Amino acid sequence: MPELVKRYFQLLWQQRGMATLGLLLATITALSGIALLAVSGWFISATALAGLSLASAHGFNYFAPGAIVRGLSIARTFGRYGERLATHEATFRVISHLRSDMFGTLTRHNWQEQPLNSHEASSRLLDDIRHAESLYLSALVPGLVMLLSALLYLATVTLFLPQLALWLLLPLLTSVVLLPALYLRRVLQPQNTLHQQRSQQWSDAHSLFSNLRTLILFDRLTPQSDKLCHSAAIADQTEQRASNARQSVHALNQLVQASMLLLVLWQGLEGLATGQLEGALVFMLLLLTLGLQEVLTTGSSALAAFALGYQALQRIGQLSPAEPQPDQRRFIDPASPQTMITVENLSYRYPTRQEATIAALNTELTETNWYWLTTPSGQGKTTLMQLLAGQLQSQQGRITFSGIEANQIGLMPQQISLLQGSLRFNLCLHQPYSDAVLWETLKMVELDHWASGLPEQLDSWLGKGAHLPSGGEVKRLGLARLILQDRKVLLLDEPTAGIDTERSQRILQRLRQHWSGHIIIISSHDTALMTTPDIRLVL
Amino acid sequence: MSQINISTLQQCINGQQLLRQAGKISRRENLWLTLTGALQTAITIAITGLIALLINSAVYSGSVNAPTLFQPSIINQSDLWQHGSWWLLLAALLVLRALLPLWQTRLADRASIRVRNQLRSIVLTHCAGLQLSLEQQFSSAELSNLLSGEIDSTRDYFAEFLPQQRLAMLAPLMIIAACLWSGWLVPLLLALTAPLVPLFMIIVGHKAAAASKRNLTELTRLGNLLSDRIKGISALQLANSCSEEQHNLFRQSEQFRHSTMQVLRLAFLSGTLLEFFSAISIAMVAVYLGLLYLDKYQIGMWQEQLTLTHGIFLLMLAPEFYLPLRRLGALYHARADASSVADHLLRLIQLKPPTGSAATDQTPLSEHNPLQQISLQQLQTGYGETPVGKPYSFTLKRGENVLLKGPSGAGKSTLLDTLAGVLPAISGLILLNEIGINLYNNRSWQQKVGYMTQQPELLFDTLRNNLCLGREFTDTELFDALQQARADDLVRALPGQLDYHISDSGGFLSGGQAQRIALARVFLHKPELLLLDEPTANLDHDTAQQFMESLKRFSAAGGIVLISSHRDEAEQFDRVICLDSLTTSESAHA
């Protein structure tokens, strides 16, 4: 069983109070619905027969059945309402936990080697996870209710007319076991294909709308639109196939149920003729069967719903490896006042490349200083930074840090990701900093003027549609984040790209003061920014 | 086949109306669906009647206890159930009832596919007309979701809700008519409760619709938050604040749960109401008939002596009366969902295409007259009516390599968009070889332009298709262009090389790599004017140097290059145009 399915059932177990309540109410509702029909059927046939003679009509106790019928109808109504609320409540609670758990799993993994497909990941966390709700809601509950109702039905029939029960065994078994299995087989495959085709459709749509300029210039807007329509049409066809498959199994089920109806009627009437069955009971048995059929119809998709939910969870689980890679870095003597980094025989090769990006690198960073990586791109500057920061794990060799712990290494990546939220959130990222500290930091990266020009200053919303900072401003925001985080070893990957030389010089000057006594590794091709004490690292 | 055009949809005042209009596309299928539904109900009525007759005949023939009350007609009926032909008829009707839905589904799916196809193509045609002004109002993710997920999700509305809506009126009427066969009280009871149902549903539905809209907003918010945080996962990892974010997401998810439950409490209420009517009507009919049989009163029936046939018939039809309404109630969410999708669609459809499009100049530029110079005269660029930057005037000449400098907000990117002919100018003139021309949407002009945007635009497709974009090139030509853009080695290292499939977020391509691929595409198509927006932002010094060499070769061959950049690379260019100083000189003139 996949990890996530196990986790799902654990969470469901945690919500067992609500889940059991839902199941209980569902059973009560189904049974009282069936009973309501059966008792009503019995009541009118019995009264009709009793009404034939004046004496029996007079002695007939109609109060009790009348009350039972009313009670059952109320039980069915309120049972249904309660059942729906309870089952949904239980499901959504599980989903809430599952979603945040899953995000937690994603965050424990590094996505540098194999970039996370963010559209896919978020659609899985949002949509697939809702398929997962069918595990309990449309599989466990109706499935169990169906089984229970079918058993009780069979027992009741046996009580009144044993040979009918024998006749019914086969169609009932078909309806409860065979057809759900067939449903599963027929529907699952087109449903999976549909899932893939819909995501193809999404990427075609995304290709269209995120490449407007190129498509317009190359006059490709129409072909790309046609491509989107085409992939949508293919997906629609699959959707139709799935719906046809569903309906054909449903029709089969209806046929089986029709045969049950005929059997009950025929055997009932035979039983009546031979005197095995009272007149009032024929109609009762018939309505009992009709009542059960409603339950059987809802239950026939239970197995497929289970499989769909199971697969959805499996898909989500495939997003990330179960175990994060072990940290290959070594941290010794964290209490030592002297911070040191030793790199021994370090090699790293990307899984998709033939050649190693970093091969047998040896270096020692013993003093606190600025270390510059100025080699041309493609030679592993970023890779080394990510190895040092623990975002990548080396295949060979070793990195040893002394005088610090793992959480004291800070990295400013090349691509600074701006998160949806206020400027304050983008700076703090959930850590508490005072306004004074924030402003001071902004001043250090010369963003204070920009920030005070925003309508709500620190609380202004950043991002598309609101205030979208320019490339250089985003870089400086990234620097500000790192300054706030207060780490002992700082890794700066192209921190000055998109910032003009004078401003870069001013900012680096401030950083030199602020970070004195730290080890700073900076990658940049702007060698003009180097100063005399700085050391050039050669890869 | 019914067709519908965009102007009909644009005139809709709300999403509901748009849905109704769109539903007209499948008018014929809907009619058939309603008819089949009516047939279905008729069959049910027939089956019920038949069962009632069969049981009645058997019960009375068996009840020898009360021979005195037997009437002649009943005696005639009494061996009805022993005739095989009645059983055959019943079986045939049951089979027909089981198989009819197969045909119904086929029709319904065809209807919904037709409607959705038309909606998609209408929206896409409209988007093609809107061009870049689309970007101002809608993000690409929003549009992608609209065109894939959201329109798809209207399936249930067009396939099931629409036909069921009519059936929910028709089927109960048929059942009332059938019940009139035995008496008037039961049909009256049904007829009296029936209007209560829609009434309550409207009351509940109004609240549910509002709550559902809120819920959808909440869902979108949660979705955006999720995808945003997943995109920014590395920033959170670097800041060690993953667990806080996880907690935050949990809180948001819980909030979504609360709002969903709020919607469901109301939505289920309308379902429960139907459930209540259906259950209580069975109970009422049963008790009423029982007392009637016991001769407690005599009311509501045509005959004085009531047989079991009528009782069975009425009792079995009572739940059928509410069934279509119950089905409709179950589809209510489909309507709510579809209506919010329709609102979204309407917002897009009602966007006006840019005004410049009306005056599009499509006079083809003469082919054998190469581009000598472009002059801008007081050209004011901007989006829609909103100007970006100041009006600028300058001239670019054949063979020139020009740097466009200026602070953010001076309108560098907007100017490049305008020159590429994808954005209409607000005012001012552009002269091409000293002849005035409207560049916007000018196909023959756009073919002369190579444009590389700040965020390199790449399709989720193979590298080859990304480079060729519908035109034919040999592999040698492709690799030549890649080599010019310093991307040949990079492509050779990719699995599948030119057939490598670029996926969401660029696959394994870094920002700089994607930029070089986009650049190779520009070189491949040999434009006369090359517009580059911040092309060196992600390149290191050496690569940038090599890149500048390529540009020099390009301009030496007669092309014009215009580059916008933050960086100071003035020495590399023939000329620097500083948008800021142009502004000042411009104001000095004024």
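Residues numbered from 1 in each chain as written. Chains lettered and ligands numbered in written order. Predicted model: local features only at pLDDT ≥ 70, side-chain atom pairs only at ≥ 80, totals over all residues. Heavy atoms only, no water.

1. Observations regarding the overall build of chain A
And step 1. Broken down by element type, chain A carries 17 helices and 11 strands.
And step 2. In terms of overall dimensions, chain A has C-alpha extents of about 120 × 50 × 50 Å along its principal axes.
And step 3. Counting all 539 residues of chain A, 57% fall into the buried class.
And step 4. Sequence-distant contacts, at least 24 apart, represent 80% of the contacts inside chain A between residues at least 6 apart.
And step 5. Element-wise, carbon and sulfur atoms account for 56% of the exposed surface of chain A, whose accessible area totals about 22,200 Å².
And step 6. Here chain A carries 40 positive and 39 negative side-chain charges, and the mean point of each set is 4 Å from the other. (Helix = DSSP H or I, 4+ residues; strand = E, 2+ residues; numbered from the N terminus. Buried < 20%, exposed > 50% of the residue type's maximum accessible area, 1.4 Å probe, protein only. Contact = heavy atoms within 4.5 Å. Areas by Shrake-Rupley, 256 points an atom, 1.4 Å probe, with all protein chains shown as cover. Lys, Arg positive; Asp, Glu negative; His and termini not counted. Charge placed at Lys NZ, Arg CZ, Asp CG, Glu CD.)

2. Observations regarding the overall build of chain B
And step 1. Check the secondary structure of chain B and you find 21 helices and 11 strands.
And step 2. Here chain B, with 590 residues, has 57% of them falling under the buried criterion.
And step 3. Considering only intrachain contacts with a sequence separation of at least 6, the fraction spanning at least 24 residues in chain B is 79%.
And step 4. A total accessible area of about 24,400 Å² is found for chain B, and carbon and sulfur atoms account for 57% of it.

3. Quick notes on the packing of helix α4 (residues 63-107) of chain A against helix α6 (residues 134-160) of chain A
Residue and element names in this part refer to chain A.
And step 1. Here α4 crosses α6 at 130°, and the two axes come no closer than 9 Å. As the angle between them shows, α4 and α6 are arranged oblique. Side by side, α4 and α6 meet where Thr87, His88, Ala90 and Thr91 of the first sit next to Tyr136, Leu137 and Val141 of the second.
And step 2. Along the lines of polarity and charge, the residues of the contact of α4 with α6 split into four nonpolar, three polar and no charged. (Axes fitted to C-alpha atoms, helices over the stretch in contact; angles between N-to-C directions. Parallel < 35°, antiparallel > 145°, perpendicular 65-115°, else oblique. Nonpolar A, V, L, I, M, F, W, Y, C, P; charged D, E, K, R; others polar.)

4. Things to note about the interface of chain A and chain B
And step 1. The partner chain B presents 140 residues to the 134 residues of chain A that form the contact.
And step 2. Among the residues chain A hides against chain B, the three largest losses belong to Phe209(A), Arg213(A) and Leu217(A). Together they make up 7% of the total.
And step 3. In this structure, the connection of chain A to chain B is made through nine salt bridges.
And step 4. Linking Glu239(A) and Arg155(B) is a salt bridge whose minimum nitrogen-to-oxygen distance equals 3.7 Å.
And step 5. Connecting chain A to chain B are 25 residue pairs in polar contact (both at pLDDT 80 or more).
And step 6. Only α2 (16-50), α4, α5 (118-132), α7 (162-209), α8 (212-217), α9 (221-273), α10 (279-299) and α16 (471-485) of chain A provide two or more residues apiece to the side of chain A that touches chain B.
And step 7. Element by element, the count of residues in the side of chain A that touches chain B is highest for α9(A), at 26 residues.
And step 8. Of the residues assigned to the side of chain A that touches chain B, the class counts are 58 nonpolar, 52 polar and 24 charged. (Buried area = accessible area lost by both parts, 1.4 Å probe. Salt bridge = Lys/Arg side-chain N within 4 Å of Asp/Glu carboxyl O. Polar contact = N/O pair within 3.5 Å; in protein donor to acceptor, adjacent residues only side chain to side chain.)

5. Quick notes on the environment of Leu143(B)
And step 1. Tracing the backbone through its elements, the reader meets Leu143(B) in helix α7 (residues 140-152).
And step 2. A C-alpha to C-alpha distance of 35 Å links Leu143(B) and Trp103(B), two positions 40 residues apart in sequence.
And step 3. Dropping the residues within four chain positions of it, Leu143(B) is found in contact with Phe209(A), Leu134(B), Phe138(B) and Leu348(B).

6. Remarks on a nonpolar patch on the surface
Residues and elements named next belong to chain B.
And step 1. Nonpolar side chains collect at one region of the surface, where Leu180, Trp184, Leu188, Leu192, Ile299 and Trp302 lie side by side and expose about 600 Å² of accessible area between them.
And step 2. If you trace the backbone, Ile299 turns up in the loop between α11 (242-293) and α12 (308-330).
And step 3. For Ile299, a relative accessible area of 42% puts it in the partly exposed group. (Patch = residues over 30% accessible without salt bridge, like charges linked within 9 Å, V, L, I, M, F, W, Y side chains within 5 Å.)

7. Points about the sheet that holds strand β2 (residues 340-348) of chain A
Residues and elements named next belong to chain A.
And step 1. Across the sheet, which stays open at both edges, the four strands sit in the order β1-β5-β2-β3 with mixed pairing between neighbours. With one partner strand each, in any of the chains shown, β1 (330-332) and β3 (358-365) form the two edges of the open sheet. The mean angle between the axes of side-by-side strands here comes to 15°, regardless of whether they run parallel or antiparallel.
And step 2. Pairing analysis gives six bridges linking β2 to strand β5 (residues 396-402), with the strands arranged antiparallel. Across the sheet, Ser347 pairs through a bridge with Gln396, a residue of β5. (Pairing = 2+ DSSP bridges.)

8. Some words on unusual backbone geometry
In most cases, non-glycine residues show a negative phi, while peptide bonds are predominantly trans.
Residues and elements named next belong to chain A.
And step 1. Positive phi, normally seen in glycine, also occurs at His430, with a value near 75°.
And step 2. Judged by its relative accessible area of 27%, His430 is partly exposed.
And step 3. Phi angles above zero are rare outside glycine, and Glu446 is one such case at about 60°.
And step 4. One can find Glu446 in the loop between α14 (435-444) and α15 (448-452).

9. Considerations on the pattern of salt bridges
And step 1. A complete count under the given rule lists 31 salt bridges over all chains for this structure.
And step 2. A salt bridge links Arg198(A) to Glu239(A); the shortest N-O distance between them is 3.1 Å. Taken together, the residues Arg198(A) in helix α7 and Glu239(A) in helix α9 connect sequence positions 41 residues apart. Both residues of the pair, Arg198(A) and Glu239(A), belong to the buried class.
And step 3. Overlapping salt bridges, with partners in common, bring together Arg198(A), Asp236(A), Glu239(A), Asp109(B), Arg116(B), Arg120(B), Asp152(B), Arg155(B), Asp156(B) and Glu160(B) in one network.

10. With respect to the environment of Ser375(B)
Residue and element names in this part refer to chain B.
And step 1. Turning to its location among the elements, Ser375 is positioned in strand β1 (residues 373-380).
And step 2. Linking Ser375 and Leu188, residues 187 residues apart in sequence, is a C-alpha distance of 84 Å.
And step 3. When residues no more than four places from it in sequence are discounted, the contact partners of Ser375 are Phe394, Thr395, Leu429, Ile430 and Leu431.
And step 4. Separated by 3.3 Å, the side chains of Ser375 and Thr395 make a polar contact.

11. Brief notes about the confidence of the model for chain A
And step 1. For chain A, the mean per-residue pLDDT works out to 84, and 96% of the residues sit at or above 70.
And step 2. Taken element by element, the predicted model of chain A shows its lowest mean pLDDT in helix α3 (residues 54-59) of chain A (72) and its highest in α6(A) (91). (pLDDT = per-residue confidence, 0-100.)

12. As for the state of the cysteines
And step 1. Enumeration over the complete set of coordinates arrives at zero disulfides over all chains.
And step 2. Cysteine Cys428(A) remains unbridged, with the sulfur of Cys242(B) as its closest cysteine sulfur at 16 Å.
And step 3. Residue classification places Cys428(A) among the buried residues on the basis of a relative accessible area of 9%. (Disulfide = S-S within 2.5 Å.)

13. Some words on the packing of α6(A) against α10(A)
Residue and element names in this part refer to chain A.
And step 1. At their nearest, the axes of α6 and α10 sit 9 Å apart, and the two run at 165° to each other. Considering the angle they form, α6 stands roughly antiparallel to α10. Considering how the two elements wind past one another, α6 and α10 form a crossing that is left-handed. Residues Pro142, Val145, Met146, Ser149, Ala150, Tyr153, Thr156, Val157 and Phe160 of α6 form the contact with α10, whose participating residues are Leu281, Met284, Leu285, Leu288, Thr289, Leu292, Val295, Leu296, Thr298 and Gly299.
And step 2. Broken down by class, the residue content of the contact of α6 with α10 amounts to 14 nonpolar, five polar and no charged. (Left-handed = near helix turned anticlockwise from the far one by under 90°.)

14. Examining the sheet that holds strand β6 (residues 427-432) of chain B
Residue and element names in this part refer to chain B.
And step 1. Strand order across the open sheet formed by four strands is β4-β1-β6-β7, with antiparallel pairing between neighbours. Both edges of this open sheet fall to β4 (392-397) and β7 (435-436), since each of them pairs with a single strand only.
And step 2. Looking at chain direction, β6 and β7 are connected through two bridges and run antiparallel. Residue Leu431 lies in a different strand from β7, and its bridge partner there is Gly436.

15. Looking at helix α17 (residues 475-484) of chain B
And step 1. Every buried residue of α17(B) is accounted for by Leu478(B), Phe479(B), Ala481(B) and Leu482(B). Buried residues of α17(B) fall within an arc of 160° about the axis and therefore sit on the same side. (Arc of directions from axis to C-beta.)

16. So, the packing of aromatic side chains
And step 1. Overall, the coordinates contain 10 aromatic pairs over all chains when judged by the stated rule.
And step 2. Consider the rings of Phe277(B) and Tyr322(B), whose centres lie 6.3 Å apart with planes at 15°: the pair is stacked. Of this pair, Phe277(B) sits in helix α11 while Tyr322(B) is found in helix α12, placing the two residues 45 residues apart along the sequence. Here the two residues Phe277(B) and Tyr322(B) agree in accessibility, since each one is buried.
And step 3. The ring of Trp13(A) carries Arg16(A) above its face, with NZ or CZ at 4.6 Å from the centroid. (Phe/Tyr/Trp six-rings, centres within 6.5 Å; stacked < 30°, edge-to-face > 60°. Lys NZ or Arg CZ within 6 Å of the ring centre and 35° of its normal.)

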